[in-house]
Amino acid sequence: MSLFRNPFDGETNLTCACGRHASQAEHDVDAEKLSRQALENAVMRSLFPRDAERRRFIRSVGAGTASAAIASLFPFGALEAMAQDKGKIEKKDLKLGFIPITCATPLIMSAPLGFYEKQGLNVTLVKTAGWALIRDKTMNKEYDASHLLAPMPLAISLGVGSGAMPMQVATIQNSNGQAITLAMKHKDKRDPKKWKGFKFAVPFEFSMHNFLLRYYVAEHGLDPDKDIQIRVVPPPEMVANLRAGNIDGYLGPDPFNQRAVYDQVGFIHLLTKELWDGHPCCSLGVRSEWVKENPNTFAALYRAILNAAAMAASPGNRTTIANAIAPANYLNQPVPVLEQVLTGKYADGLGDVKNDPGRIEFDPVPWNALGIWILSQMKRWSYLKGDVKYKEIVDQVYLMTDAKKRMKEEGILAPADMPKKIIVMGKAFDASKPDAYVSSFAIKRT
Amino acid sequence: MPTPAQLAGTAWKQLSDPFYDAGSNDKGIGIQLAYSLGRVGLGFGLAALVAIPLGFLIGLSPLAYGALNPFIQVLKPISPLAWMPLALYTIKDSTISSIFVIFICSIWPMLINTAHGVASVRRDWLNVAKTLEAGTVRTAFQVILPAAAPTILTGMRISMGIAWLVIVAAEMLVGNLGVGYFVWNEWNNLSLSNVIFAIGVIGVVGMLLDLAFGALQRAVTYVE
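Residues numbered from 1 in each chain as written. Chains lettered and ligands numbered in written order. Predicted model: local features only at pLDDT ≥ 70, side-chain atom pairs only at ≥ 80, totals over all residues. Heavy atoms only, no water.

1. Let's talk about helix α18 (residues 390-397) of chain A
In an α-helix there are 3.6 residues to a turn, and that puts residues three or four apart on one side.
Residues and elements named next belong to chain A.
And then number 1: Those residues of α18 that fall on the buried side of the exposure criterion are Tyr390, Ile393, Val394 and Val397. End-on, the buried residues of α18 take up no more than an arc of 95°, which puts them together on one face. In α18, those exposed residues whose orientation departs by more than 90 degrees from the buried face are Lys391 and Gln396.
And then number 2: In this fold, the buried residues of α18 make contact with α9 (152-158), β4 (167-172), α17 (368-380) and α20 (434-439). (Buried < 20%, exposed > 50% of the residue type's maximum accessible area, 1.4 Å probe, protein only. Helix = DSSP H or I, 4+ residues; strand = E, 2+ residues; numbered from the N terminus. Arc of directions from axis to C-beta. Contact = heavy atoms within 4.5 Å.)

What follows is the structure in structure tokens.
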């Protein structure tokens, strides 16, 4: 598989990526070296999107020099050190739940691309039918860790909408990557002011989708509780419901926005990136108790996901990843759909082809400010009542401090501050004044 | 919609390799069927273990009948899937929850039919047993059971039909491996030819189960 070929070999052609020979290649080469090469590949591809340029560069300076030069920019050694086992893994066989959507890319790709195996973990990925179910199964301890929507660990820790159980967000899985899809018949109603009476679907109450959709329509003067209907529909069922005319549109996760276009039942009205560039979506959630019982296993899992996210963050790897996660065992989607989602070169369903490489991004650090924004919206729409201790709650649930400390220990460059400021539809969010933010909105339920 | 040729192709592909195992979420139709049948068998078996003795008791004793009947009447019409959230919350295991749902849906027809069958054994036969000084246990096993057997088996046959209906829905809801999961997974992919194939398989297996119980029923039927 091209991912594991030596990127510093001037003759290697990195553009070929069939993605089907992961295990065969793994058998051939030493696993340690492979992962390092995968990382180096990721970096090289992002530095040299065009393969010809990379080859020319390596031929002119030599592979050794190139390797050293790149290493000075990117901490391969640190990532590798992180990959070394620090302590004995308490639990080797893990069961992780996931919903078949591209948000779970780092979690899913780690299985076919061998990131778990390399950390000494034997992970079974269990496809799950919906968010309520994945919450119950996580709380019931059927899953060791799970793909959860970024607001869910906050809601579960607070006992909002379920029993209370301390949960933690280990990493954010993805940012952006969602869209508003409308049924074909509404192609002339692009102005949200005309959406009165529309029925929308979101994947779950405690989701960025719900909060962003509410935010979006409220900014256009519609009251999300009165002027439109918002229903909870599991992501995989959204396209079928749109086709059947049960809903007018949805703010849902990919690939189901692109799938609606692929099946010609809807069009992409806008990407959520256009509302808030860099918003979190899904997270890797774990029970606090589990982390305490299995600290080394947790660290190994953490390393696997960080490595996967690092690979996924590079646009050049996206085609490989699309091929790795498409089979029926994982997303069960046509490769072209996933490719359009992951590479950001997509058909919008209205006859245009758009190019937006930031359609989905993978920034694993659970910045606390993100959690505070989520709580502010939960407060705004009255999911939380009374005084909210924003900072305290988020500090307990979002492991940002831990994540940054761990990255620092391992020598990984942890950005000091969020790479992108929180600006939602042109309005900046100050995480130190969440209450003022909530009361600044005209439409709210407080 | 898929054409008949596409359907035939799908069916051939699935049936030619029914036991493939391509990972924890992608298994052949044969394996999926085995999972579903296993759950139905367990839930149904447990229900029979509870329903038949309890039904016997209710049929024999008008007092027990009077005491339990109101509860049965309230519980019987509840859609078994409505129990699912409660089951998941209390049992804390999705596989056992789906078995519980099968249990709860198949218990009522068996219970009611057993009670009815036992209660309507001809008085003459019971009186004959009495004059022959047969004990309670002997009467129960040698007179009442054979007399009520056809009705009990009718109840079991109805229960099995319902259990097979419910398992597909339960698996779609909970997403455990099984035929229901297969349908749901292919629905995700909007692969109608696979969904139609699965519908066919579910129908055929349901029919075979019904035929099996029909044969059992004929075996215990008697001519008065």
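Picking up where we left off.
2. Concerning unusual backbone geometry
All names here are of chain A.
And then number 1: Here the residue pair Asp254 and Pro255 is connected by a cis peptide bond, since its omega of 10° sits within 30 degrees of zero.
And then number 2: Relative to the helices and strands, Pro255 is located in the loop between β9 (249-253) and α12 (256-262).
And then number 3: Residue Asn176 is not a glycine yet carries a positive backbone phi of 55°.
And then number 4: Position of Asn176 among the secondary structure elements: in strand β5 (residues 175-176).
And then number 5: For Asn176, a relative accessible area of 0% puts it in the buried group.
And then number 6: For Ser382, which is not glycine, the phi torsion reads 70° and is therefore positive.
And then number 7: Of note, Ser382 is situated in the loop between α17 and α18.

3. Looking at the packing of aromatic side chains
Residues and elements named next belong to chain B.
And then number 1: Applying the stated criterion to the full structure yields 18 aromatic pairs over all chains.
And then number 2: On the basis of an interplanar angle of 40° and a centroid distance of 6.0 Å, the ring pair of Tyr181 and Trp184 is categorised as tilted. Taken as a pair, Tyr181 and Trp184 lie in helix α8 (residues 179-188) at a separation of 3 residues, close to a single helical turn.
And then number 3: The buried category is assigned to Tyr181, whose relative accessible area is 1%.
And then number 4: When its relative accessible area of 0% is taken as the criterion, Trp184 is described as buried. (Phe/Tyr/Trp six-rings, centres within 6.5 Å; stacked < 30°, edge-to-face > 60°.)

4. A word on the pairing of β4 of chain A
Residues and elements named next belong to chain A.
And then number 1: The buried count for β4 comes to 6 of 6 residues, which makes it a mostly enclosed element.
And then number 2: Relative to strand β11 (residues 282-287), β4 is paired through 5 bridges, and the arrangement is antiparallel. Bridging from a neighbouring strand, Met167 pairs with Arg287 of β11. (Pairing = 2+ DSSP bridges.)

5. Observations concerning the interface of chain B and chain A
And then number 1: Between chain B and chain A, the residue contacts involve 22 residues of the former and 26 residues of the latter.
And then number 2: Counting each side, the surface lost to burial between chain B and chain A is near 2,000 Å², with a carbon and sulfur contribution of 47%.
And then number 3: Joining chain B to chain A, the criterion identifies 0 salt bridges.
And then number 4: Our count for the contact surface shared by chain B and chain A stands at 7 residue pairs in polar contact (both at pLDDT 80 or more).
And then number 5: Put simply, the parts of the chain that give the side of chain B that touches chain A at least two residues each are α7 (136-174) and α8 of chain B. (Buried area = accessible area lost by both parts, 1.4 Å probe. Salt bridge = Lys/Arg side-chain N within 4 Å of Asp/Glu carboxyl O. Polar contact = N/O pair within 3.5 Å; in protein donor to acceptor, adjacent residues only side chain to side chain.)

6. As for the environment of Pro327 of chain A
And then number 1: Note on placement: Pro327 of chain A falls in the loop between α15 (318-325) and α16 (335-343).
And then number 2: Here the alpha-carbon distance between Pro327 of chain A and Val438 of chain A, two residues 111 residues apart in the chain, equals 43 Å.

7. Considering the confidence of the model for chain A
For residues with low pLDDT, the predicted coordinates do not support detailed interpretation.
And then number 1: Taken as a whole, chain A shows an average pLDDT of 80; of its residues, 79% reach a score of 70 or greater.
And then number 2: Confidence over residues 13-32 of chain A falls short of pLDDT 50; this stretch has 32 contacts with residues more than four positions distant or in other chains. (pLDDT = per-residue confidence, 0-100.)

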